[in-house]
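For reference, the chains in residue letters:
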Amino acid sequence: TPPNPNITWEKSITYNGGMDFGLLDGKVYGEFDYFFRHNYDILAQRIRVIPDTYGAGLSDENYAEIDVKGFEMTLGYQNNVGEVNYSISGNMGYAIDEVKVLDEPEGLAPWRSVIGHPQNRHFGWISNGLITDQAVLDNLPAGFQQFSREPILGALLFEDIRGENLTEGADGKIDDNDQTWLSDNAIPRINYGINMNIEWKGLRLDVLFQ
């Protein structure tokens, strides 16, 4: 592709608000933060009609936009018994992104659009579970196949939702046309952990579960 002399870094605007607090002379403590980040001028390819005589692909441009929002929180307790100091705290964070601006083909079916969804999503077939009963096989349409094979006992049974060229409706076979978006949570949205420590006469033990 020809070079684009106008390429630049993607940009972001971030808003963050938080609160720290302590109670009972600092024995109980915590913090809460909420953030919102708007990423724009992200490098991506435009969808445009160009003549075949152009002889090259389109250069990427800075135009896409993605929002990210979430929060982090911590709550803990610390105290001492004689010369033994100890503390325990828990933390949790949540974050999710959403595609706001990205070129897509005209007439794209709503289920195929990435607008309004996270970048990381699960794509695959919808499963109805294992075939454990001969009656299930007997009730399948005549000639029904999954990936060019007849289903058998013990196999997974998938939903027949589309036909050739992604046309909606069953066509009596399971193939790539029956794939769809299964979940917006292809990566963990929630992270959490527990921290504990105990100290006595210069000896300290720290434990982290995450």
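As a reminder, the structure under discussion sits directly above these lines.
Only a predicted model underlies this, so the values are computations on that prediction, with no experimental measurement involved.

For this particular structure, what's the right way to read the overall build of the protein?
Across its full length, the protein carries one helix and 12 strands. Relative to the globule expectation of 17 Å for 210 residues, the C-alpha radius of gyration of the protein, 27 Å, shows a markedly less compact shape. Based on the C-alpha atoms only, the size of the protein along its principal axes is roughly 80 × 60 × 25 Å. The 210 residues of the protein split such that 23% are buried. Here the analysis covers contacts within the protein between residues at least 6 apart in sequence; of these, 57% occur between residues at least 24 apart.

Help me understand the side chain of Ser-59, please; the structure alone is not making it clear to me.
With respect to the secondary-structure elements, Ser-59 resides in the loop between β2 (28-44) and β3 (61-81). Reaching out from Ser-59, the side chain makes a polar contact with the backbone oxygen of Pro-2 at a distance of 2.3 Å.

Even after reading the chapter, I still don't get the nonpolar core, so can you show me in this structure?
One broad rule of soluble globular proteins: the nonpolar side chains tend to lie buried together. With eight residues, the main nonpolar core is built from Phe-35, Ile-42, Ala-44, Tyr-63, Ala-64, Ile-66, Val-68 and Val-99. For this core, the elements supplying multiple residues, two or more each, are β2 and β3. Listed in part, the seven residues of the second largest apolar core include Leu-137, Leu-140, Phe-144 and Ile-174.

Would you mind going over the pairing of β3 with me for this structure?
Within a regular beta strand, the side chains point alternately toward one face of the sheet and then the other, so they alternate between its two faces. Sheet topology places β2 next to β3; 15 bridges connect them, and they run antiparallel. Counterpart to Arg-37 in the pairing with β3 is Val-68. For β3 and strand β4 (residues 84-101), the ladder comprises 17 bridges, and the chain directions are antiparallel. Pairing of Asn-80 across the sheet is with Asn-85, part of β4. What sits between β3 and β4 in their antiparallel hairpin is a turn of two residues, with Gly-82 showing a positive phi close to 65 degrees.

Honestly, the pattern of salt bridges in this entry has me stumped. Any pointers?
Opposite charge on two side chains makes pairing possible when the charged atoms of those side chains draw close. Tallying each qualifying case throughout the model produces 12 salt bridges. One salt bridge in this structure joins Arg-121 and Asp-184, with 3.1 Å as the shortest N-O distance. Taken together, the residues span a long stretch of sequence, with Arg-121 in the loop between β4 and β5 (122-124) and Asp-184 in the loop between β10 (180-183) and β11 (190-200) at a distance of 63 residues. In the salt-bridge network here, residues are joined through shared partners; they are Arg-46, Arg-48, Glu-61 and Asp-103.

Where do I start with the sheet that holds β3 in this structure?
Strand pairs in the sheet, formed through backbone hydrogen bonds, run parallel or antiparallel to each other. If you trace the six strands from one edge of the open sheet to the other, you get β1-β2-β3-β4-β11-β12, paired in antiparallel fashion. Every interior strand has two partners, whereas the edge strands, β1 (11-23) and β12 (203-209), have only one. Between one strand axis and the next, the sheet turns by 10 degrees as a mean value, whatever way the strands run. As paired elements, β11 and β12 share seven bridges and run antiparallel to each other.

Even after reading the chapter, I still don't get unusual backbone geometry, so can you show me in this structure?
Backbone geometry at Asp-25 places phi at a positive 60 degrees, although glycine is not the residue there. Tracing the chain through its elements places Asp-25 in the loop between β1 and β2. Non-glycine residue Asn-165 carries a positive phi angle of around 55 degrees. Mapped onto the elements of the fold, Asn-165 is located in the loop between β8 (156-158) and β9 (173-174). Overall, Asn-165 belongs to the exposed group, its relative accessible area being 70%.

The rules behind the values
- Residues numbered from 1 in each chain as written.
- Predicted model: local features only at pLDDT ≥ 70, side-chain atom pairs only at ≥ 80, totals over all residues.
- Heavy atoms only, no water.
- Helix = DSSP H or I, 4+ residues; strand = E, 2+ residues; numbered from the N terminus.
- Rg over C-alpha atoms; globule rule 2.2 N^0.38 Å.
- Buried < 20%, exposed > 50% of the residue type's maximum accessible area, 1.4 Å probe, protein only.
- Contact = heavy atoms within 4.5 Å.
- Polar contact = N/O pair within 3.5 Å; in protein donor to acceptor, adjacent residues only side chain to side chain.
- Core = buried A, V, L, I, M, F, W, Y, C linked by side-chain atoms within 4.5 Å.
- Pairing = 2+ DSSP bridges.
- Salt bridge = Lys/Arg side-chain N within 4 Å of Asp/Glu carboxyl O.
- Axes fitted to C-alpha atoms, helices over the stretch in contact; angles between N-to-C directions.

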